[in-house]
Structures are given as structure tokens and as C-alpha cells.
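Examination of the molecular architecture
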Amino acid sequence: QLASRDYRSETREVKIGNVTVGGKSGNTIVISGPCSVESEEQIRESSELLKSLGLTSLRGGCYKPRTSPYSFQGLGLEGLKLLSKMREEYGFSVVTEARDATHIDEIIEHADVIQVGAKAMYDQGILRACSKTQKTVLIKRGFGSTLQEFVQAAEFVLSGGNENVVLCERGIRTFETGTRFTLDLCGVEWLKHYTNLPVILDPSHAMGYAYGVAGLSRACIALGVNGLLVEVHPNPKVAKSDASQQLNHEEFKQLLQTLSPIASSV
Ligand code: PEP
Ligand code: MN
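Parameters at a glance
Residues numbered from 1 in each chain as written. Chains lettered and ligands numbered in written order. Predicted model: local features only at pLDDT ≥ 70, side-chain atom pairs only at ≥ 80, totals over all residues. Buried ≥ 20, exposed ≤ 12 C-beta atoms within 10 Å, placed from the backbone. Helix = DSSP H or I, 4+ residues; strand = E, 2+ residues; numbered from the N terminus. Pairing = 2+ DSSP bridges. Right-handed = clockwise from strand over helix to strand, strands pointing away. Axes fitted to C-alpha atoms, helices over the stretch in contact; angles between N-to-C directions. Contact = placed C-beta atoms within 7 Å. UniProt positions renumbered as here; feature names shortened; annotations may be inferred. Near = placed C-beta within 6 Å. Nonpolar A, V, L, I, M, F, W, Y, C, P; charged D, E, K, R; others polar. Parallel < 35°, antiparallel > 145°, perpendicular 65-115°, else oblique. Left-handed = near helix turned anticlockwise from the far one by under 90°. Expected span 1.5 Å × (residues − 1). Arc of directions from axis to C-beta.

- Where an unreviewed UniProt entry is consulted, the protein appears under the name Phospho-2-dehydro-3-deoxyheptonate aldolase, with the organism given as Fluviicola taffensis.

Right under this line is the structure:
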């Protein structure tokens, strides 16, 4: 299997925009931004924050895989165009989610990384479409999937012809209801041991509450992961999705300060 260490013993090098993760790079990429792109004003505020902190990767959802059809579904193509504008103006690499295979062409045009969300991890239409491009694909682990199933999702992309795959652990569902999900750090060690793919962690979706995101981020760095995906919003209280888990700008700045002694974040 192409993702296994038996096939290739070294961790693969994968590009997120201009930044290389994995391999011998030693980089810890911080991919951050709001859960959803909501307006030009909002995404510009996020961009200014990232720029002020020297970060280069902006995330934001435009096609949101919401559990309810009555919740905010994302700005769609309008949102992608806003991300594209930020990418051009600030030189960011942009990470955004495809909820459906029909979104892939638009995302390729406007972004650098195609995110396959936890709910879409089993969607072979999306995975096969991702395999036909050379864009980096960030696959999030389904919250009810085994590690083996997670890696097999990556195999669909790798075997279809796209070697640029990054795995993202974002929490799995357990019996615990006090936190939104449970960040599977054992699983991360398994992925590092058995696979050759870079691994990044998403403490925001795992925890579900802003108060735990900084501590978990430091735990992830201590584990030696290739990156973090952290949600941050100019005003989380009024966020149109995932309001409770997004850091405000002050909290995010403080988090990065505590990370800088333990990781050279890009
Ligand atoms: C997201 O990154 O905003 C998201 C929807 O994540 P997940 O697919 O992990 O739930
Ligand atoms: Mn989110």
C-alpha cells in the first residue's frame, strides 16, 4: 500500500502552498482562519491577523457540511472568490473544503489545498476527483472511522495518481459528551508509525470549546506532528458555524506565543 512505511520508509514531503511539510523539512505549519468564510470584512480581518503573526496559510469553509439543512451552508463560489482575493493580496496559501465532487474544479482554481472533511472521508466521488489533480489534499478522519479506513481513503487519492496527501486527525466520537469529540493521540502515533504521510492535528473540532484548544495544540506539538489546523474568528460569538470552539484574535495570538518556544511555526 502506497501510504505504508513498508512501501516507503521516509515521511513524504508535501507542499502546502510554498511551505513543505513532512520529509526532512521539520516545519510545523499552522493553518488557521475561520470555520466559514462569512463576508469580505470578516475574511480580511482574519487575513490581517495571520499577516501580523507571519502565518502563511489561510483556511475558511465555503461549502459547509452542516448537520442540519437549516444551518448556514456557506457562501459557495462567492466565498471561494473572497479566499482567492486574499490569496492574491496577501500571498497566502488557501485551504478550503469540497463537500461534493462537483466543487473540485472551482476549488482548484481558487485554492491551494483541497480539504476533504470528516463527513466526506468515505465519499469516493470526491476522493477519485482529488486523485485526478496534483493539488494537495488534506483528508480529515471521519469521526466514526478506524485508522485503517482513514488510510484507505488516502489510498484512493494516492493510487489514482495524486501523491500529495496530508492526513488530519480531528477527533473521533466516543461515549464522552463533555467534549465535542475525543482527539485520538494514540491514533496519531499509529499513523506516524505505520504510514508515510504527513499528519496534522485539528484540536478545534476535537475539543469543540475554545478553552481547550491552546492546551491541546501544545500537546500536538509535543507529539511532533507536521502541523495544526486551528479555527480563529474576529468575533466568535457571532460566528455562523462552530461558534463555541473558535478562538478570538487575542486568544490566538497568545497561543502562538506559547508555541514559538516549542515549534518553528510557519
Ligand atoms: C471544518 O474544518 O470546518 C470542518 C467542517 O471540519 P470536520 O470535517 O473535521 O468536521
Ligand atoms: Mn468548523
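1. A word on the pairing of strand 3 (residues 29–33)
- Most of strand 3 sits inside the fold, with 5 of its 5 residues counted as buried.
- Neither face of strand 3 is exposed, since Ile29, Ile31 and Gly33 on one face and Val30 and Ser32 on the opposite face are all buried.
- Sheet topology note: the strand 3/strand 10 (residues 227–231) ladder contains 5 bridges and is parallel. Following the sheet pairing, Val30 is matched in strand 10 by Leu228.
- When strand 3 meets strand 4 (residues 57–59), the two strands line up parallel, connected through 2 bridges. Note that in strand 4 the partner of Ser32 across the bridge is Leu58.
- Handedness of the strand 3-helix 1 (residues 40–52)-strand 4 crossover: right-handed.

2. Here's the deal with the pairing of strand 1 (residues 13–16)
- Across the two faces of strand 1 the burial differs, with Val14 and Ile16 buried and Glu13 and Lys15 not buried at all.
- Here strand 1 pairs with strand 2 (residues 19–22) via 4 bridges, running antiparallel. Each bridged residue has a counterpart across the sheet, and for Val14 the counterpart in strand 2 is Val21.

3. Here's the deal with the sheet that holds strand 7 (residues 136–140)
- The strand order around the closed barrel built from 8 strands is 3-4-5-6-7-8-9-10, with neighbouring strands paired in parallel fashion. Each strand of the sheet is rotated relative to its neighbour by a mean of 25°, with strand direction disregarded.
- Direction of pairing for strand 6 (residues 113–116) relative to strand 7: parallel, over a ladder of 4 bridges. Along strand 7, the bridge assignment pairs Gln115 with Leu138.
- Across the face of the sheet, helix 5 (residues 147–159) comes into contact with strand 7 and strand 8 (165–169) while running at roughly 160° to strand 8.

4. So, the UniProt feature "domain: DAHP synthetase I/KDSA" (unreviewed entry) in the protein
- Sequence positions flagged by UniProt for "domain: DAHP synthetase I/KDSA" (unreviewed entry) are, in local numbering, residues 21–258.
- Taken end to end, residues 21–258 has its terminal C-alpha atoms 21 Å apart, with 38% of it in helix and 16% in strand.

5. What to know about the site of ligand 1
- Around ligand 1 sit Cys35, Gly61, Pro65, Gly117, Ala118, Lys119, Lys140, Arg170 and His205, and that is every residue in its neighbourhood.
- The class makeup of the residues in the shell around ligand 1 is 3 nonpolar, 3 polar and 3 charged.

6. Thoughts on the packing of helix 8 (residues 213–223) against helix 9 (residues 249–259)
- Relative to each other, helix 8 and helix 9 sit at 25°, their axes nearing to 10 Å. Comparing the axis directions of helix 8 and helix 9 gives the class roughly parallel. Helix 8 and helix 9 meet at a crossing whose hand is right-handed. Between helix 8 and helix 9, the contacting residues are Ala214, Ser217, Arg218 and Ile221 on the first element and Leu255, Thr258 and Leu259 on the second.

7. Quick notes on the environment of Gly187
- Residue position: Gly187 is located in helix 6 (residues 185–194).
- In this structure Gly187 comes out as partly exposed when scored by C-beta crowding, with 19 C-beta atoms within 10 Å.

8. Structural notes on helix 1
- Over its 13 residues, helix 1 extends 18 Å from the first C-alpha to the last, a length consistent with the 18 Å expected when each residue adds 1.5 Å.
- What helix 1 keeps buried is the set Gln42, Ile43, Ser46, Ser47, Leu49 and Leu50. Looking straight down helix 1, one finds that the buried residues subtend no more than 160° of arc, so they occupy a single side. Among the exposed residues of helix 1, those oriented more than 90 degrees off its buried face are Glu41 and Ser52.
- Of the surrounding elements, those touching the buried residues of helix 1 are strand 3, strand 4, helix 2 (77–90) and helix 9.
- Remark: Gly54 follows helix 1 within two positions and exhibits a positive phi of approximately 75°.

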